[in-house]
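A look at the structure
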Amino acid sequence: MASSRRRVLLGAVLALILAGAAFVAARQLLDNDDKDRNYLSTDGWPQRGEGAYVLGNSRPAVSSDERPVPIASVAKVMTAYLVLEHYPLQAGDSGRRFVVGQSDVVDTEARRRGDQSIVDVRAGEQLTERDALMAILLPSANNIAVLVARQVDGSVASFVAEMNDTAHALGMSHTTYTDPSGYDAGTVSTALDQLRLARLVAKDKTLVDMMATRSYSLPVAGEVTNTNTLLGHDGFVGMKTGSDDAAGGCFMFRSERHTDSGNVTLIGVVLGQQGHNLITAGLYAAKQLVDHVAPNAATP
């Protein structure tokens, strides 16, 4: 009888332990599911960070707390734009070639150890311009952004100077680029400044098509995928994510929706979003902003 009671007691204890473990696992899953987080206040703006958008041909709308902040890999949009300014690509062209040197391999390994976003490279590998831009824009490869910057302008410093000159010419008066990848926290901007750039690149079919690509095959790294997992959902058609501890989750985005009066395009930027997964935090902040701005518009 006593042993029977002990078995019942042990069974009850085990059941409680298992139930507790299941609760913790479920809680962790919920906590890490950023889609269940409310990034927007009642007026439609992110509760933290900043944002800006333009709907169709209307005037840009900007959140009230605009200030220069780190923008992480959103900086790569300017890098890609300048590469194409130097070497325009036509449909089907592969463009100039970038050669991977041993120093690039060493740099890649150093960045890997620092847990940066990179793609594998091999000394002697040749990347077409299209390859390089896809590596920069889809998996957000810091090592390729730096490699390309150096080979386009002769040095990374010269390329960064061109980034800043271009930003100034575009009226991005609160923007400072310190590196071509955005990894350096000294690369700062505002959502409104980045919106200026977003509206410009949205007119560039080459960049638009690249940023709307879900996956691409590189010579050594193989197939890489776009960090923008909203592509093809809820009207989202492209642009660039960014995330790191200094910047939080950032997202330059473009969404197309149908209305009774025709198709409408919303271009926007959110910076400084927080969540368990920073990329997801930026994505969902953008999605909820689009849903708030155009709640009655249907996706294509």
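Up top is the structure these notes are about.
My aim in this report is to walk through the structure given alongside it, one point at a time. (Residues numbered from 1 in each chain as written. Predicted model: local features only at pLDDT ≥ 70, side-chain atom pairs only at ≥ 80, totals over all residues. Heavy atoms only, no water.)

**Concerning the packing of helix H2 (residues 76-86) against helix H4 (residues 129-137)**
- Running from N to C, H2 and H4 cross one another at 165°; their axes reach a closest spacing of 10 Å. Taken together, the axes of H2 and H4 lie roughly antiparallel to each other. The handedness of the crossing between H2 and H4 comes out as left-handed. Facing Lys76, Thr79, Ala80, Val83 and Leu84 of H2, the residues of H4 in contact are Glu129, Leu133, Ile136 and Leu137.
- Its residues assigned to classes, the contact of H2 with H4 comprises six nonpolar, one polar and two charged. (Axes fitted to C-alpha atoms, helices over the stretch in contact; angles between N-to-C directions. Helix = DSSP H or I, 4+ residues; strand = E, 2+ residues; numbered from the N terminus. Parallel < 35°, antiparallel > 145°, perpendicular 65-115°, else oblique. Left-handed = near helix turned anticlockwise from the far one by under 90°. Contact = heavy atoms within 4.5 Å. Nonpolar A, V, L, I, M, F, W, Y, C, P; charged D, E, K, R; others polar.)

**Points about the environment of tyrosine 53**
- The topology assignment puts tyrosine 53 in strand S1 (residues 50-55).
- We classify tyrosine 53 as buried; its relative accessible area is 16%.
- Ignoring sequence-local partners within four residues, the contact set of tyrosine 53 consists of Trp45, Pro60, Ala61, Leu195, Leu266, Ile267, Gly268, Leu289 and Val293. (Buried < 20%, exposed > 50% of the residue type's maximum accessible area, 1.4 Å probe, protein only.)

**A look at the nonpolar core**
- Formed by 59 residues in total, the largest nonpolar core has its most connected members in Met78, Ile144, Val148 and Tyr177.
- Of the residues forming this core, the biggest block, seven residues, is contributed by H2.
- Counting residues in each nonpolar core, the second largest holds 15 residues, with Ala61, Phe251, Leu283 and Val293 among its members. (Core = buried A, V, L, I, M, F, W, Y, C linked by side-chain atoms within 4.5 Å.)

Interpretation in functional terms is not warranted from these geometric data alone.
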